[in-house]
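A structural walkthrough
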Amino acid sequence: MTQRLLRASIPLAAVLILSSCGSSSTAVVASPSPVAGALTQGLIAYVGGGNVGVVDPATGKSAPVAPLPGAGAFKVAGPVWGPAPGLAYPVIYFAIHDDRPAERRSSPGVVPYDWLFRVDPFTGVIEPIAASADLDSEGPFGLSANQHYLALTVGCCTDYQVDVLDLMQPDAQIKVLTRPPAQPALFTEGAGPGVDGLIAVRGFATGAWYFLNPQLGVLNQFPLTPGTDDGPVAFSPDGAMAAVSLVDHGAVIEPVNLAPVLPSPSVSASARPSASPTTKPTPTPSAVAPRRVNSTLPHVDSLAWSPDAKQLALAVNGGVQLHPAAGRDGDKPVQAFLGTAGVTGIDWSAAIPTRSLSSVKAAANPETFVDALLDATKLPAAADTSQARPLTKVYLWAFDSSKTSPIAAPESLSTYATSAPRSR
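Structural notes, computed from the coordinates. No experiment lies behind these values; they were computed from the predicted model shown.

This part takes up the overall build of the protein. On a plain count of helices and strands, the protein comes out with one helix and 27 strands. In the protein, buried positions account for 48% of the 424 residues. Counted over contacts in the protein with a minimum sequence separation of 6, partners at least 24 positions apart contribute 59%. Split by element, the accessible area of the protein, about 20,800 Å² in all, is 56% carbon and sulfur.

Once that is clear, we can look at the pattern of salt bridges. Inspection of the entire model under this criterion finds five salt bridges. Linking Arg202 and Glu189 is a salt bridge whose minimum nitrogen-to-oxygen distance equals 2.9 Å. Of the two residues, Arg202 is situated in strand S15 (residues 199-203) and Glu189 in strand S14 (residues 186-191); the sequence distance between them amounts to 13 residues. Glu189 gets classed as buried once you look at its relative accessible area, which sits at 9%.

With that out of the way, let us pick up the pairing of strand S6 (residues 74-82). Burial of S6 is extensive: seven of the nine residues sit out of reach of the surface. Alignment of S6 against strand S7 (residues 91-98), held across seven bridges, turns out to be antiparallel. Considered in S7, the bridge of Trp81 is made with Ile92.

Quick look at the sheet that holds strand S5 (residues 62-67) now. Spatially, four strands are ordered S5-S4-S3-S26 in an open sheet, and the strand pairing comes out antiparallel. Of all the strands in the sheet, the pair left with one neighbour each is S5 and strand S26 (345-348). Along the sheet, successive strands turn relative to each other by an average axial angle of 20°, direction set aside. When strand S3 (residues 44-48) meets S26, the two strands line up antiparallel, connected through four bridges. If you follow Val47 over to S26, its bridge partner there is Gly345.

Bringing the packing of aromatic side chains into the picture now. Applying the stated criterion across every chain yields a total of 14 aromatic pairs. An angle of 55° between the planes, with centres 5.8 Å apart, marks the rings of Phe117 and Phe369 as tilted. Residue Phe117 is found in strand S8 (residues 113-120), and its partner Phe369 is found in helix H1 (residues 367-377); the two are separated by 252 residues along the sequence. Taken together, a centroid distance of 5.3 Å and an interplanar angle of 40° make the contact between Trp209 and Phe222 tilted. In this pair, Trp209 sits in strand S16 (residues 209-213) while Phe222 sits in the loop between strand S17 (218-221) and strand S18 (233-235), placing the two residues 13 residues apart along the sequence. Of the residues examined, Trp209 reaches a relative accessible area of 7% and is grouped as buried. What links up through ring pairs into an aromatic cluster is the set Phe94, Tyr113, Trp115, Phe117 and Phe369. Its end group placed over the ring of Phe122, Arg355 keeps NZ or CZ at 5.8 Å from the ring centre.

Another point: unusual backbone geometry. Most peptide bonds are trans, and most residues other than glycine sit at a negative phi. Between Gly78 and Pro79 the backbone carries a cis peptide bond, its omega angle lying at 5°. Here Pro79 shows up in strand S6. In this chain, Pro180 is followed by Pro181 through a cis amide linkage whose omega measures 5°. Of note, Pro181 is situated in the loop between strand S13 (175-178) and S14. Phi is positive for Cys157, which is not a glycine, with a value near 60°. If you trace the backbone, Cys157 turns up in the loop between strand S11 (149-156) and strand S12 (159-166). For Leu338, which is not glycine, the phi torsion reads 50° and is therefore positive.

Mapped onto the elements, Gln169 comes out in the loop between S12 and S13. In this structure, the C-alpha to C-alpha distance between Gln169 and Pro83, residues 86 residues apart in sequence, is 10.0 Å.

Attention now goes to the nonpolar core. Residues Val54, Phe94, Leu116 and Leu150 are the most contacted members of the largest nonpolar core, which totals 50 residues. The element contributing the most residues to this core is S7, with six residues.

Cut-offs and rules
Residues numbered from 1 in each chain as written. Predicted model: local features only at pLDDT ≥ 70, side-chain atom pairs only at ≥ 80, totals over all residues. Heavy atoms only, no water. Helix = DSSP H or I, 4+ residues; strand = E, 2+ residues; numbered from the N terminus. Buried < 20%, exposed > 50% of the residue type's maximum accessible area, 1.4 Å probe, protein only. Contact = heavy atoms within 4.5 Å. Areas by Shrake-Rupley, 256 points an atom, 1.4 Å probe, with all protein chains shown as cover. Salt bridge = Lys/Arg side-chain N within 4 Å of Asp/Glu carboxyl O. Pairing = 2+ DSSP bridges. Axes fitted to C-alpha atoms, helices over the stretch in contact; angles between N-to-C directions. Phe/Tyr/Trp six-rings, centres within 6.5 Å; stacked < 30°, edge-to-face > 60°. Lys NZ or Arg CZ within 6 Å of the ring centre and 35° of its normal. Core = buried A, V, L, I, M, F, W, Y, C linked by side-chain atoms within 4.5 Å.

Below is the structure:
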C-alpha cells in the first residue's frame, strides 16, 4: 500500500460548549476548584500486564486504561502522551499490530492490520485514528510524540519509512514523511519537546543520528553523538537535557542545546528529507558532563522525564524505575513500580492539576475495533473455504489528478473486472 497507515473513517467526538447568561454584562472568570489528589506530578503511562495503563508517581497506585487481549494477540508500540483537539489535558496514543495467526490460502485466520489508537484516560473513550493492512512487518515501532506531532516507524528489512500525524489538526491524515529509496531508511527514536515537532531518528544503514523536522521536511544534524545501536532518547521538557538508552549498561544523561536545530524560515516547507542533513552550527559545549544513570542495568526499553525534569523514569527489566536526574552512577531507584507486569513502554505526562487518579476510567478493548473490521471485510461464508480462497482476487485502485489516466475510456474497466468472490 502507498501509505501503511491510513486514516480510519471514524468521526471524532464533538466538543459542546455551554454558556450562561446573567444580569451583569461583566464576564466572570471562575477558577477551577481544587481537586483532591490532583496529578501535579503528572501520570506515567505504560504498556504491560495486559493493559495500557497509568501510574501516579506520587502514590505508586496504578489504573488500567485500555485492556489488551491475552496470549500475545497484539504487538503494542508506545504509549505516548500527546494533545487532542478540544481538550485541555493530554491523552494517550498507542499502536498495535494484529499478531494472531494470519490467514493462509488453505487455512483461516486474520488479515494482520496496524492500528493507531487514541484513548482519553479520564472519559474512558478510545478512538481508532488509523488502520492499514500489514502483511510484511511486525507493526509500528519507535512511537514518539510532542506537543505538535506523533511519529512512528513502519516497514521491514531495508524499507523502513517514517509516518507522522499532526496532533494539532482535528482532521489530520497520517503522512509518509520518508520512504526509501528516495529518502534514507530511518528509525524513530524520540521527540524533541515543545511545538517545533523535531523527531529524533537513526539511520538504518549508517547508524547516524539526525533531527527530522516534519514541518519543513528536512534532516538536521543531531546535537548529541549516541552510538549506532543506542536509543531510544528522551528530552527533558525544557530541552536542556537528554537521556539516551545505551545498547547495554543502562542509560546516560547529557546536556543538550536545541537552539541550533530549531526550524529555520529560510528552508522551503515543501522540501523532502534527503540522505544529506542540512548543515547547522555546532552546539556550544556545556560545562555539565554526561553522567550514567545506572550502568549495572541492561538496555532500557523506554525513558521519560518528570514534568520538573528532576526525575527520570526507566522501563527496564519489565518494570518501571524512577531515578533522580542528579544522582550518581549505581544509585538504586528512589521508586519502583509494576515490577512483574512486563512493562515495555512508558511516557510521563505534564502536570494535570484538574484531574486525579480516581477519575481515570478504563476504555473498551481495542480488539473490538479490530474484529469489527475483520468481520466487515471477510469472505462470504459460502466462499470462505480452502478450495475457494486461492481463487479470490484483490484490486487496488489509486487516482492521481496530476497525471494522465492510462485508461482511455470508462468501458476499458471491463477488461479488469472479476466475478470471483470479494476478498480482503
